[in-house]
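Here is what each chain is made of, one letter per residue.
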Amino acid sequence: MFEFEIFKNEVLNCYLENSKSSSIPIKLETPSPANLRNFTLSLLHHNCSNEDLIVIKDFFDPNSTYESLEKAIKKFDLGKLKSVQNFMNGTTKNPDEQIVKLLAVLINFEPRPYEKWKSLYQPTLHQIEDDGGHFEIKSEVHTDILQQINIKNNSSKKNQLKYYTLGVIS
């Protein structure tokens, strides 16, 4: 699931860049569970796409317990939104897929949903080079993203990237 790791990093980087440039809604500048719930409700009332509605429903009402999505969001346990807040603040490094997908909707990340992003940005691997113990993926699309991942990760993360890469190739 190496592709989802790239998607996760792109979504988080988009949020961080937009928050630095103050180009995100006020409720997301200081993400609290209540602000996240209220912002999701406001998105729901501003004609979400069908794909966005699916992501929101999968997060807030995966078992179709409530008669409406609005009611599910209003009754949602705010403590469960703490995980979204922690991901946005950088406290959580490996969030659940639903958290990343919800954040993509909240910040209007494009392209989304993940399946659309994956089909548009599937890296095509050309070669792998051993660069002094570091493996680098030569890709038409993701070279810069993968270099950022390599820079940010410590040596154990680099070993994981090496194994992911070898797994993808094999």
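Relative to the elements of secondary structure, K101 occurs in helix α7 (residues 97-106). Look at K101 and you get buried, because its relative accessible area is 13%. Other than its neighbours up to four places away in sequence, K101 contacts F4, V55, Y114 and E115.

A separate point is the packing of aromatic side chains. Scanning all chains against the criterion turns up nine aromatic pairs. With centroids separated by 4.7 Å and ring planes inclined at 65°, the aromatic side chains of F60 and F76 adopt a geometry described as edge-to-face. Of this pair, F60 sits in helix α4 (residues 50-60) while F76 sits in the loop between α5 (69-75) and α6 (82-89), and the two are 16 residues apart along the sequence. No difference in accessibility class separates F60 from F76, as the two residues are buried. Between Y114 and W117 the ring centres are 5.9 Å apart and the planes differ by 20°, which places this aromatic pair in the stacked class. Taken together, the residues span about one helical turn, with Y114 and W117 both in helix α8 (residues 114-120) at a distance of three residues. An identical accessibility class is assigned to Y114 and W117; each is buried. Grouping aromatic residues by their ring pairs yields a cluster made of F4, F7, F109, Y114 and W117.

Moving on, we get to the environment of S21. Looking at the secondary structure, you find S21 in the loop between α1 (2-20) and α2 (26-29). Of note is the side chain of S21, whose polar atom sits 3.3 Å from the backbone oxygen of N18.

This part covers the pattern of salt bridges. The final tally for this structure, using the stated rule, is seven salt bridges. Among the salt bridges present, the one from E67 reaches K71, with a minimum N-O distance of 3.0 Å. Residue class for E67 comes out exposed when judged on its relative accessible area of 65%. A salt bridge links E97 to K101; the nearest nitrogen and oxygen atoms lie 3.5 Å apart. Taken together, the residues span about one helical turn, with E97 and K101 both in helix α7 at a distance of four residues. If you follow the salt bridges from partner to partner, you end up with D52, E110 and R112 in one network.

This brings us to the environment of N13. Note that N13 resides in helix α1. The sequence separation of N13 and M88 amounts to 75 residues, and the corresponding C-alpha distance is 9.7 Å.

A few words on the confidence of the model for the chain. Of all residues in the chain, 71% attain a pLDDT of 70 or more, and the chain-wide mean is 80. Ranking the elements of the chain by mean pLDDT puts strand β1 (residues 125-131) last, at 44, and α7 first, at 96. In the predicted structure, residues 124-130 sits below a pLDDT of 50 and forms 21 contacts with residues beyond four places in sequence or in another chain. Here residues 134-157 is a poorly scored stretch, pLDDT under 50, and it has 47 contacts once near neighbours within four places are set aside; other chains count.

This paragraph deals with α7. Helical geometry note: an α-helix holds 3.6 residues per turn, so side chains three or four residues apart project in the same direction. Among the ten residues in α7, eight count as buried, and that is most of the element. Here α7 has its buried residues at I99, V100, K101, L102, L103, A104, V105 and L106. Against α1, α2, α3 (33-45), α4, α6 and α8 lie the buried residues of α7. With its phi angle positive at about 60°, N108 sits one or two positions after the end of α7.

Parameters at a glance
Residues numbered from 1 in each chain as written. Predicted model: local features only at pLDDT ≥ 70, side-chain atom pairs only at ≥ 80, totals over all residues. Heavy atoms only, no water. Helix = DSSP H or I, 4+ residues; strand = E, 2+ residues; numbered from the N terminus. Buried < 20%, exposed > 50% of the residue type's maximum accessible area, 1.4 Å probe, protein only. Contact = heavy atoms within 4.5 Å. Phe/Tyr/Trp six-rings, centres within 6.5 Å; stacked < 30°, edge-to-face > 60°. Polar contact = N/O pair within 3.5 Å; in protein donor to acceptor, adjacent residues only side chain to side chain. Salt bridge = Lys/Arg side-chain N within 4 Å of Asp/Glu carboxyl O. pLDDT = per-residue confidence, 0-100.

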